[in-house]
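One letter stands for each residue in the lines below.
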Amino acid sequence: MKKILMIATGGTIASTRTSAGLSPLLSSEEILEYVPDVKNVCIVETMQLYNIDSTNIHPEHWLGMVKTIKEQYDSYDGFVLCHGTDTMAYTAAALSYLIQDSAKPIVLTGSQKPIDMEITDAKTNLLDSFIYAASPNASGVQIVFNGKVILGTRARKVRTKSFDAFESINFPILARIRDGQLFEYIHFEKKEPRFFETMSPKVGIIKLSPGLDAEVISFYFNRYDAIILESYGVGGIPSGEYYKLHEEIDKWQGKGKIIIMTTQVPNEGSNMEVYKVGYGSKKDYNMLEAYDMTLESCIAKMMWILGRTRDIEEIHKLFYATISKDILYREERQG
């Protein structure tokens with residue numbers, strides 16, 4: 001049987017009711033006691049790394065997860081991380097860049113209801129995660145939730161309360177698990193893992209909205225090395241008599257700052273060449289474009305890149321490099 005390390009980090013799955021609301025208090029051993037059938041799937045050992053609400057996740061926590069997995073990598077056949085759902089997609093994306101080409105599965109899971117409740121999705125999600133992690137074909141970073149196996153760079157939380165909380169964005173799911181049976185559709189070539197242990201949190205997000213004050217650009221660039229602009233539709237920057245965003249961006253040209261254009265629309269990605277508001281902006285500002293990447297992957301990838309280099313040419317090269325199937329639209333356009 002495969003030997004799997006369960007790493008607990010907190011989240012709803014570990015929460016109990018308090019007078020101030022749900023709070024992660026259960027230990028890794030206590031969580032595992034609710035899933036006795038795991039003994040028929042694999043051998044599990046547990047570790048308590050954090051016990052926090054995932055709203056409190058910081059890039060330093062991601063680096064702690066990487067350090068732990070790297071130290072334990074040779075001792076186990078796979079890893080299951082119990083994590084809160086609110087930032088699970090961000091963590092899955094971050095681990096996809098910080099641990100690349102892992103031949104062993106690194107599975108994230110959690111729940112919408114605490115594991116100690118009578119009606120909960122926690123027990124099924126956790127058992128499903130061990131079923132997938134024990135598969136001989138499993139590798140890399142994934143989220144297992146509500147019977148779906150989603151690639152770490154493609155996951156997004158799309159529902160706040162329903163058990164079917166996550167979807168795979170612009171990429172098919174890797175597998176399904178129904179009644180304890182695993183149905184695999186996609187698996188990847190197994191390679192030697194590469195671990196990275198530096199990230200820069202100096203990445204900010206600006207969500208465009210009608211009437212946005214242009215000065216917010218300078219406010220962000222005074223504090224961040226890269227800005228992700230969440231634009232409308234396929235991507236563009238507002239102009240005309242009511243907007244001065246172009247003028248504000250001009251002030252930062254040549255100062256080593258990075259702008260990445262993405263879209264607020266979850267599916268199908270950006271294409272700044274469609275409309276004039278996008279075409280000219282991309283050309284004038286040497287702007288990066290997220291294409292079909294998720295926002296979560298865009299943020300995590302840029303943090304990973306800035307943790308490695310500040311060379312503009314190298315940043316562009318790394319951003320457009322396909323890592324764990326995170327960006328395919330540009331790859332397809334270039335043949």
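Residues numbered from 1 in each chain as written. Predicted model: local features only at pLDDT ≥ 70, side-chain atom pairs only at ≥ 80, totals over all residues. Heavy atoms only, no water.

**Comments concerning the packing of aromatic side chains**
Just so we agree on the cut-off: Side-chain rings of Phe, Tyr and Trp, where Trp is taken by its six-membered ring, are said to pair if the distance between their centres is within 6.5 Å; with planes under 30 degrees apart they count as stacked, over 60 as edge-to-face, and otherwise as tilted. Runs of E in the DSSP output that reach at least two residues are strands. Runs of H or I that reach at least four are helices, and both are numbered from the N terminus. Relative accessibility thresholds used throughout: buried, under 20% of the residue-type maximum; exposed, over 50%; partly exposed, between the two (1.4 Å probe, protein chains only). Whether a charge sits over a ring comes down to the Lys NZ or Arg CZ being within 6 Å of the ring centre and within 35 degrees of the ring normal.
Counted under the stated rule, the structure contains 11 aromatic pairs. Ring geometry for Tyr73 versus Phe195: centroids 5.6 Å apart, planes at 85 degrees, classification edge-to-face. Pair noted here: Tyr73 is in the loop between α2 (59-72) and β5 (78-82) and Phe195 is in strand β14 (residues 194-195), with a separation of 122 residues, a long-range link. Given the relative accessible area of 6%, Tyr73 is considered buried. The ring of Phe219 is capped by Arg223, whose NZ or CZ atom sits 3.9 Å from the centre of that ring. Residue placement shows Lys301 over the ring face of Phe319; its charged tip is 5.7 Å from the ring centre.

**Quick notes on helix α9 (residues 312-320)**
Counted only if it meets this: Under the rule applied, a polar contact is a pair of N or O atoms within 3.5 Å (in protein, one hydrogen donor and one hydrogen acceptor; residues adjacent in sequence only if both atoms are side-chain atoms).
Of the positions making up α9, those classed as buried are Ile315, His316, Leu318, Phe319 and Tyr320. Two or three places before Glu313, at the opening of α9, Asp311 has a side-chain oxygen 3.3 Å from that residue's backbone nitrogen.

**Some details on the sheet that holds strand β16 (residues 226-231)**
Definition in use: The criterion for strand pairing is that DSSP finds at least two bridges linking the strands in question. Only heavy atoms matter for contacts: two residues are in contact if any of them lie within 4.5 Å across the pair. A fitted line through C-alpha atoms serves as each axis, taken over the contacting stretch for helices, and the angle formed by two N-to-C directions is quoted from 0 to 180°.
A sheet is described by the order of its strands in space; here four strands give the open sequence β15-β16-β17-β18, paired in parallel fashion. In this open sheet, the two edge strands, each paired with only one partner strand, are β15 (203-207) and β18 (288-289). In this structure, strand β17 (residues 258-263) lies alongside β18, joined through two bridges in parallel fashion. The partner of Ile260 across the bridge, within β18, is Leu288. Contacts between helix α8 (residues 295-306) and the sheet are confined to β15, β16, β17 and β18, with β16 contributing the most and set at about 165 degrees to the helix.

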